[in-house]
Every structure is written in C-alpha cells, then in structure tokens.
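Listed here are the chains, written in short residue letters.
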Amino acid sequence: MTQDPRYFQVAALAAMLGIGVFWREFPISGVAILSVLGSALVAQAIAIWKYKLPWNSLLSALISGLSLLLLFRSNYLLVWSFAAVLAVASKFIFRWRGKHFFNPTDFALVSLFYLTPWAWFSPGQWGDDMTTAFWVVLMGAAVVSRARRFDISLAFFFTFVALLFARVTYLGQNAHVLPHQLADGGLILFTFFMVSDPRSTPDHRVGRLIFGASVAILTFFLRFHWYHPGAPFEALFLLSPLTIILDSLWNHSRFEWASRTSGRQHETQHLSHLVPST
C-alpha cells in the first residue's frame, strides 16, 4: 500500500467535493469539474515532459484542481481552466533554489480575484455547520499528519484562536461568539489543506511555526480590521515569500513526496537547484 500522502489528499478533497456538490449544493457544473481537472492535468503533463518529472506528480495537479473546485468560483469555463493552468504554472515560475514558495491553489485564487471581475472565492459556502467542520477537521488532520506538517497547522490555528479569544474578551462579547467564528468549514479547510502545503512552506520546524503564526496574525488583521472575506488566502499569498527568508535562516532537508514511499525523507539540498519541485 502506498505511503504517498497525496493519495490521501486526493481522496479527502474528492470526498469533500462530493459532499459539497450533493449535500451543500455547491453551484458547480460537471463541465466545470472536468474543465478544471483536465486543464490541471494537461498543464502538469507538459511540465512532466519538459522537466522529466515523475508521472506521479500528476497527483499534485489533481490536488490543485480539486482545491480550486472547493474554493474558486466563476461563471466562465475559460476562467476556470485558466485558474487551473495558472496554479500549476506558478510552481515552475516562482521558485527559489529549486523550490516553489507559493501554494499553487492559493496563488491562482488570489491572483485571479484581483486581476479579473469574473472570478471570486467563496470560503463561506461551507457555512458554520459544526458537523461539516468536524468532518473536515478529521480528514484534514489525517492528511496533514501523513505529510508531516501538523505543526504548521497547529501554529496557525492556535495563534488565530488566541487572537480571537483576546478580541472576544476585549469587546465583552458572549462566550458563544468564539466557537461560532471557529465553526467555519472554509477556515478549517485552509488550516489543514493549504497553509500546511509541505512543498511551499519552510523546511525547518522552527521556520514552519513562525510561518504559521505569521499567517494567523495577518489573517486576523485582514479579517477584523480591513474586513477582507478571503483573509486567510490573502495572508498566505502575501507572506509566501517569507519561506525564502526562513529557509535561509534554518537550513534543513527538503521535503520530498517520493520520500514517503520509501519511508524516509531524503536529503535533496545539493540537487534542489537543478530539479524542479512538484
């Protein structure tokens, strides 16, 4: 049985998409689903041919496509397809020492939101249903633990919770306000499936903890001081280059998806500037 955590990510995201379409009635057509997934896979296949990457890197493109379907919205199929291609392409454009530092889905999501009036993201579509949030947490925790990035998720989540608690206390709000604000499927999806991306986040644990806490702090101010509905996604986008600085301060072995299939994490720093990461 494969130990590549991307298989579990694909399964979890696909299950969430199914729940969203058939239970929460997400406004996504079958054509849009095929368009996004097809575009992402074709873009990745081109990269595989150009850079001689392993074919299992198609899993990464599939993850990006499924994530876009959960968070991205547009009334035009061309915009859907472009978002998928942009997500995959960002991994090979924005790089430092062989490593991409933007989360592919987040890059496409935020870029198109600001570049075109025909795209938007809708993290609130999950609502504040505690049952939905509970299941998303369970799937997300399983995926993150397999990808060895549970630390960054916890750093983000608990920093954000601490700031929310301080705000609720300062404003003298009812105690039920805090759990209501946390019962957000979009926030939990972000916590366990986006900010924890092992390929674009800092390699060293100290760097990951700083990164996760920094994204939480910026998310808090974007959400409650500037009232941005997509605060966590914008915070991640703006702080992604911080990975470069943190990796420079704490030199550590590079995360490799393939290393999970062999049961260990390989040292890749000597070749990382030659081989594109996926």
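Residues numbered from 1 in each chain as written. Predicted model: local features only at pLDDT ≥ 70, side-chain atom pairs only at ≥ 80, totals over all residues. Heavy atoms only, no water.

**Examining the nonpolar core**
Operational definition: Among buried residues, those of type Ala, Val, Leu, Ile, Met, Phe, Trp, Tyr and Cys that are joined through side-chain atoms within 4.5 Å constitute a nonpolar core. Only protein chains enter the calculation, and the probe is 1.4 Å; a residue is then buried if its accessible area is under 20% of its type maximum, exposed if over 50%, and partly exposed in between. By definition, residues are in contact when any of their heavy atoms lie within 4.5 Å.
Counting 75 residues, the largest nonpolar core has Met16, Leu70, Phe72, Phe193 and Val215 as the members making the most contacts within it. Leave out the neighbours within four places in its chain, and Val215 touches Phe156, Phe190, Val195, Pro232, Ala235, Leu236 and Leu239.

**Let's talk about the packing of helix 2 (residues 30-51) against helix 3 (residues 58-71)**
Just so we agree on the cut-off: For every element, the axis is a line fit to its C-alpha atoms; helices are fit only across the contacting stretch, and the angle between N-to-C directions ranges from 0 to 180 degrees. Under the scheme used here, helices are H or I runs from DSSP no shorter than 4 residues and strands are E runs no shorter than 2 residues, and both carry numbers assigned from the N terminus. What sets the label is the angle itself: under 35 degrees gives roughly parallel, over 145 gives roughly antiparallel, 65 to 115 gives roughly perpendicular, and the rest give oblique. By the definition used in this description, the sense in which the near helix is turned from the far one sets the handedness, with an anticlockwise turn below a right angle giving left-handed and a clockwise turn giving right-handed. When residue character is reported, Ala, Val, Leu, Ile, Met, Phe, Trp, Tyr, Cys and Pro are called nonpolar, Asp, Glu, Lys and Arg charged, and the others, Gly included, polar.
Packing of helix 2 against helix 3 brings their axes to within 9 Å, and their N-to-C directions diverge by 150°. One finds that helix 2 runs roughly antiparallel with respect to helix 3. Taken as a pair, helix 2 and helix 3 cross one another with a handedness that is right-handed. Along its contact with helix 2, which presents Ala32, Ile33, Val36, Leu37, Ala40, Leu41, Gln44, Ala45 and Ile48, the element helix 3 presents Leu58, Ala61, Leu62, Gly65, Leu66, Leu68 and Leu69. Residue classes in the contact of helix 2 with helix 3 are distributed as 14 nonpolar, two polar and no charged.

**Topic: empty space enclosed by the protein**
Definition in use: In the cavity and pocket records, a cavity denotes points on a 1 Å grid over the protein atoms alone where a 1.4 Å probe fits but cannot get out, a pocket denotes an open set with protein on both sides within 12 Å along at least 5 of 7 lines, and lining residues are residues with an atom within 4 Å of a point. Grid points are joined across faces, edges and corners, and a volume is the space filled by probe spheres set on the points.
All told, the structure shown has three cavities of 30 Å³ or more when counted by the stated rule. Estimates place the volume of the largest cavity at around 210 Å³. If you go around the largest cavity, you meet 17 residues; those closest to its centre are Ser60, Ile63, Ser64, Pro104 and Asp197. When contributions to the lining of the largest cavity are tallied by element, the ones reaching two or more residues are helix 3 and helix 5 (104-115). At four residues, helix 3 tops the list of elements feeding residues into the lining of the largest cavity. Across the lining of the largest cavity, the residue classes break down as six nonpolar, eight polar and three charged.

**What about the pattern of salt bridges?**
Filter applied, for reference: Here, a salt bridge means any Lys or Arg side-chain nitrogen found within 4 Å of an Asp or Glu carboxyl oxygen.
Counted under the stated rule, the structure contains six salt bridges. Here Asp151 and Arg205 are joined by a salt bridge, their closest N and O atoms 3.0 Å apart. In this pair, Asp151 is assigned in helix 7 (residues 150-171) and Arg205 in helix 10 (residues 205-224), connecting sequence segments 54 residues apart. What makes Asp151 buried here is its relative accessible area of 11%. Notably, a salt bridge pairs Arg208 with Asp151, separated by 2.8 Å at the nearest N-O pair. With Arg208 in helix 10 and Asp151 in helix 7, this residue pair connects regions lying 57 residues apart in the sequence. Among the residues examined, Arg208 registers a relative accessible area of 6% and is labelled buried.

Remember, this is a structural readout, not a statement about activity or role.
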